[in-house]
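# Inside the fold
Here is what each chain is made of, one letter per residue.
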Amino acid sequence: METLVTAEDATLREQGRVPPWSLQWTPIVAGALAASALSLILISFATALGLGVASAAPTWRDTSFALWLLSGLFLIFQALISFGCGGYFAGRVRAPYTSLNEEVATRDGMHGVASWALAVLIGAILTALVAWAASKPSSTLQPPSATEPSVLSFELDHLFRAPRRPPNVDLSAERAEAARVLMTSSSHNGVAPEDRTYLVQQVTALTGLTGPDAEKRVDVTIANARSAIARARAASIILAFSAAAALLFGAVAAWAGAAAGGRHRDGRPLSAWMLHSNRWSSHPAETPSSMP
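Residues numbered from 1 in each chain as written. Predicted model: local features only at pLDDT ≥ 70, side-chain atom pairs only at ≥ 80, totals over all residues. Heavy atoms only, no water.

### A few points about the layout of surface pockets
In this model, the largest pocket occupies a volume close to 950 Å³. Those elements that place two or more of their residues in the lining of the largest pocket are α2 (25-48), α3 (65-93), α4 (101-135) and α8 (211-266). A breakdown of the residues in the lining of the largest pocket according to their chemical character gives 22 nonpolar, 9 polar and no charged. (1 Å grid on protein atoms, 1.4 Å probe; cavity = no way out; pocket = protein on both sides within 12 Å on 5 of 7 lines; lining within 4 Å. Points joined across faces, edges and corners; volume = space filled by probe spheres on them. Helix = DSSP H or I, 4+ residues; strand = E, 2+ residues; numbered from the N terminus. Nonpolar A, V, L, I, M, F, W, Y, C, P; charged D, E, K, R; others polar.)

### Section: the packing of helix α7 (residues 193-207) against α8
The interhelical angle for the contact between α7 and α8, taken along N-to-C directions, is 120 degrees, at an axis separation of 9 Å. Judged on the interaxial angle alone, α8 and α7 are oblique. Considering only the axes of α7 and α8, their crossing is right-handed. For the pair α7 and α8, contact is made by R196, L199, V200, V203, T204 and T207 and by A214, E215, R217, V218, D219 and I222, respectively. Grouping the amino acids of the contact of α7 with α8 by side-chain chemistry returns 6 nonpolar, 2 polar and 4 charged. (Axes fitted to C-alpha atoms, helices over the stretch in contact; angles between N-to-C directions. Parallel < 35°, antiparallel > 145°, perpendicular 65-115°, else oblique. Left-handed = near helix turned anticlockwise from the far one by under 90°. Contact = heavy atoms within 4.5 Å.)

### Focus: α2
With 24 residues, α2 should cover 34 Å at 1.5 Å per step; its first-to-last C-alpha distance of 34 Å lies within 8% of that length. The set of residues buried in α2 consists of P27, I28, G31, A32, A35, S39, L42 and A46. Looking one or two residues past α2, G50 carries a phi angle of roughly 90 degrees, positive in sign. (Expected span 1.5 Å × (residues − 1). Buried < 20%, exposed > 50% of the residue type's maximum accessible area, 1.4 Å probe, protein only.)

### Regarding the packing of aromatic side chains
Enumeration over the complete set of coordinates arrives at 1 aromatic pair. Judged by centre distance (6.1 Å) and plane angle (45 degrees), the rings of F74 and F77 are tilted. Taken together, the positions of F74 and F77, both in helix α3 and 3 residues apart, correspond to about one turn of that helix. Its relative accessible area of 43% is what places F77 among the partly exposed residues. (Phe/Tyr/Trp six-rings, centres within 6.5 Å; stacked < 30°, edge-to-face > 60°.)

### Section: the environment of R161
One can find R161 in the loop between α5 (153-159) and α6 (172-183). Residue classification places R161 among the partly exposed residues on the basis of a relative accessible area of 43%. Sequence-wise, R161 and L209 are 48 residues apart; in three dimensions their C-alpha atoms are separated by 10.0 Å. For R161, the residues in contact, after removing those within four places along its chain, are T207 and R217.

Dropping the structure here:
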């Protein structure tokens, strides 16, 4: 059996010590890029099919809990596939520079976890850049003081809807103020009576509705806002939990994938729990051998 053993390794063996080893960054970077690319493809495919926990579209509020759960499960599934493939790639192309069989699986697994960590870091940086670019103010956007939460945009449209309104009327300040009031509807005490009265006055002045009709519209809007905020919070919790679970399972998949890739690289049969993928090995020999 031929192995790649350096002179330093031979010297250390003569001294009865285990040779030190370090990570090989070329397979780690390659595995991380492969995992990131595959994850992007799977997430884009899921988004096209509507498997999104949260969406900017107004129809997101009509989704059921089953769809949210299915979206979270798909997020975990794509993490298992992408990080597992990235780890396999890192373990498969890693050079077997030692013949210490008891260390091979550990070294391959560590390379898989390193590729997983690098892929997560790449994804976090890209997400931060996209969020920063989306929140960067520009001349075409409203000033920050006049912004409103997108989760309540439909409720605000309904609140200030009027059959007739003079052209070029800017309601940005009024909508932003009403949004801040409606955000309190999800609190323990709800909207304060004086805030409700103020909203009724604003609706009466801006829409031309009479007192009872304005009060009815405000009450309906407050109830709808409370429901929209609750659904947005539920979607955020499911998304956060699914992302955390996907990252955790992704690390395990990266380790297992790297171990499987290392065994295929060395022409060794897989472990008992990996036997279902042993057919992918091009060297099904029982005796370990190094790459040519």
